[in-house]
Amino acid sequence: MLTVFKDLKPFFKENKKRYTLAILGMLSDNLLILVPPYILGLVIDAIYQQTLTIEQLIRYSIVFFVVVSLSYVIGAMWIFQLFGGSNLLTRDLRRQLMNHFSKMRAIFYEKFRTGDLMARATNDLRAVSEMAGFGVMVFMDSTLFLGSIILVMFFTVSWKLTLVSLLPLPLLGWILKILGDKVNKRFKASQDAFADINDEVLEAVEGVRVIRAYVQEQSKQEQFEERTEDVLAKNIAVTKINSTFQPIITILLGVSYFIAFGYGAMLVSSNALSIGELISFQVYLGMVVWPVQSIGELINLVEQGSASLERVNEVLDASDDMEEYGTQKITSQPSVQFDNVSFKYPQSPDYNLKNVSLTVPAGMTVGIVGKTGSGKTTLIKQLLRLYPLGEGKILLEGKNIKEYSLDEIHSKIGYVPQEYILFSRSVRDNISFGVEEASEESILNAIKMANLEDDIKRMPEGLDTLVGEKGVALSGGQKQRISLARALLLNPDILLLDDTLSAVDAKTEKNIINTIQTVRREKTTFIITHRLSAIHHADWIIVLEDGKIIDEGTHASLIEDENSWYYAQFERQKLKEESI
Ligand code: ADP
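Residues numbered from 1 in each chain as written. Predicted model: local features only at pLDDT ≥ 70, side-chain atom pairs only at ≥ 80, totals over all residues. Heavy atoms only, no water.

### Some words on the domain arrangement of the chain
How big an interface is tends to be stated in terms of accessible area lost as the parts join. For the chain, the assigned domains read domain 1 (3-317), domain 2 (328-412 + 494-501 + 512-580) and domain 3 (418-491). Distance between the C-alpha centres of domain 1 and domain 2: 60 Å. Among the residues of domain 1 in contact with domain 2, Arg-105, Ile-107 and Glu-110 are the three that bury the most area, contributing 83% of the side total. For the pair domain 1 and domain 2, the number of links is zero salt bridges. Our count for the contact surface shared by domain 1 and domain 2 stands at one residue pair in polar contact (both at pLDDT 80 or more). (Domains from an automatic or database assignment. Buried area = accessible area lost by both parts, 1.4 Å probe. Salt bridge = Lys/Arg side-chain N within 4 Å of Asp/Glu carboxyl O. Polar contact = N/O pair within 3.5 Å; in protein donor to acceptor, adjacent residues only side chain to side chain.)

What follows is the structure, given as structure tokens:
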């Protein structure tokens, strides 16, 4: 049961000084607290025997006062050290989790849902951290403190009375053990249910517009109520088991008191125990109440903490099954080569890329087209190493992509997805994100290339306009172009545009892409688009279908084959644009 403390050993070791101070403080405090009842017994016996002198009373009073004051100071010190430790553990675990989240790639996030990760990073983390503060305290109380009170009762008052009155304790231990196992199971189930509801809330908030548009409020509400009921039922199950702890403890302590008074009175009447000793014993028995209760608390805390630690560690131990990165740096404007690349997503039954071979000399602009689901995004995501590499090789500057470091890949390859990511800051901060101290001129240049100038002029605060959470204050096309400007400012060696301009009109898309191509003449650009007009001027175009390259060439060469998908698509789009 106490393995959770063992699991936290590295943390305790790291904070050895803090915990040594806390535990020593707690121990001496607990020992000091045992002194006043002993003095009380002595004073009562002296009064009863009429032997108490004024000097004696003053001496006892001074000792009493010193002990209580010392206990207060030491108490404040160990409580501060111990509960500070709990805060430190929260910080450390939070850092570890955040660090892990930022390193993990796509597969990890397909394994764990966002709501679940949030639940683990908040509720579970709190339960684990309690172990390092309150948990340690109740552990000490229910072991060393309880043990020392019993020893003092045993040796300074009466061993017989101690043994007899504590008879109900083993029974209590046995009952609490049985209940403890149940707490663990029920608590885990309640945390899982909480994770589910977190996910549900996130989805509902993010999808609120769609829910309303499709008049699904009622059904969503019902679904949500079902989940809430589930969480409630599981939390009640935990509360039920917790609530059975206290009455059992109270009853068994009551039995102890009953025995102590009854048997104690018998001992006094047979002169085996003095009145003062019996009173000291009762005070000690009163002191036993909390440590015994804390056994219940301990079981609760430990079982909940270990269930939560298991859930936190499950995330920390989960990897994204990715190959190691190399250490090489990209030294030139790199050429890119796909050499017979085949790949399938871990969750996918079939190959999503099949024997793709493509050579892209440095500085080339490549258009990638094909039906939805044909593997366009998958192909360029392989360059970002978001998923494990498939069969075949991907080469940069002629070297296997595996040999390059993660930082190198991220800093030299820019990716602009269709689903923009904006932060709730100003337009300027969103564009200069990732470039430290970007000059005003370079920001304005990126804005010009992304055709954002007029939009920014119309914004109330210009570049300093706040975009709101996830860019709510902007149109879809504006959001896409801000995210494009961000990548253009970074000016990466290889730029991947993944249907980046789907929300702007065809003419604007064409203009932006032509500008990008001119500005990035020396650099490599991959452009995925549904509008063939946007990539007329690309140096090379590949057509994907079902993960395979079914056609490739320049725009002029591709439209020569009137039976091709490219030709049919081109004609259809031309007619549509003309009719508009
Ligand atoms: P495109 O960009 O051409 O629209 P994608 O490259 O996004 O197509 O997808 C190619 C295929 O891979 C599709 O059949 C899609 O369902 C599948 N796919 C995409 N992402 C994943 C994933 N994370 N796990 C499993 N299958 C995926």
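Alright, that's what it looks like, and here's the rest.
### Observations regarding the packing of helix α9 (residues 168-206) against helix α12 (residues 275-317)
At a closest axis distance of 8 Å, the pairing of α9 and α12 adopts a crossing angle of 35°. Here α9 and α12 pass one another in a crossing that is right-handed. Class assignment of the residues belonging to the contact of α9 with α12 gives a composition of 10 nonpolar, eight polar and seven charged. (Axes fitted to C-alpha atoms, helices over the stretch in contact; angles between N-to-C directions. Helix = DSSP H or I, 4+ residues; strand = E, 2+ residues; numbered from the N terminus. Left-handed = near helix turned anticlockwise from the far one by under 90°. Nonpolar A, V, L, I, M, F, W, Y, C, P; charged D, E, K, R; others polar.)

### What about the side chain of Ser-432?
With respect to the helices and strands, the residue Ser-432 is situated in the loop between α15 (427-431) and α16 (440-449). According to the relative accessible area criterion, Ser-432 is buried, its value standing at 16%. Setting aside residues up to four positions removed in sequence, Ser-432 forms contacts with Ala-438, Ile-443 and Leu-489. (Buried < 20%, exposed > 50% of the residue type's maximum accessible area, 1.4 Å probe, protein only. Contact = heavy atoms within 4.5 Å.)

### What to know about the sheet that holds strand β5 (residues 399-400)
The strand order across the open sheet formed by four strands is β2-β1-β4-β5, and the pairing between neighbours is antiparallel. Because the sheet does not close on itself, it has two edges, and the strands there are β2 (353-360) and β5. Sheet strands in contact with helix α13 (residues 376-384) are β1 (336-343), β2 and β4 (391-396), and its direction is about 115° off that of β1. (Pairing = 2+ DSSP bridges.)

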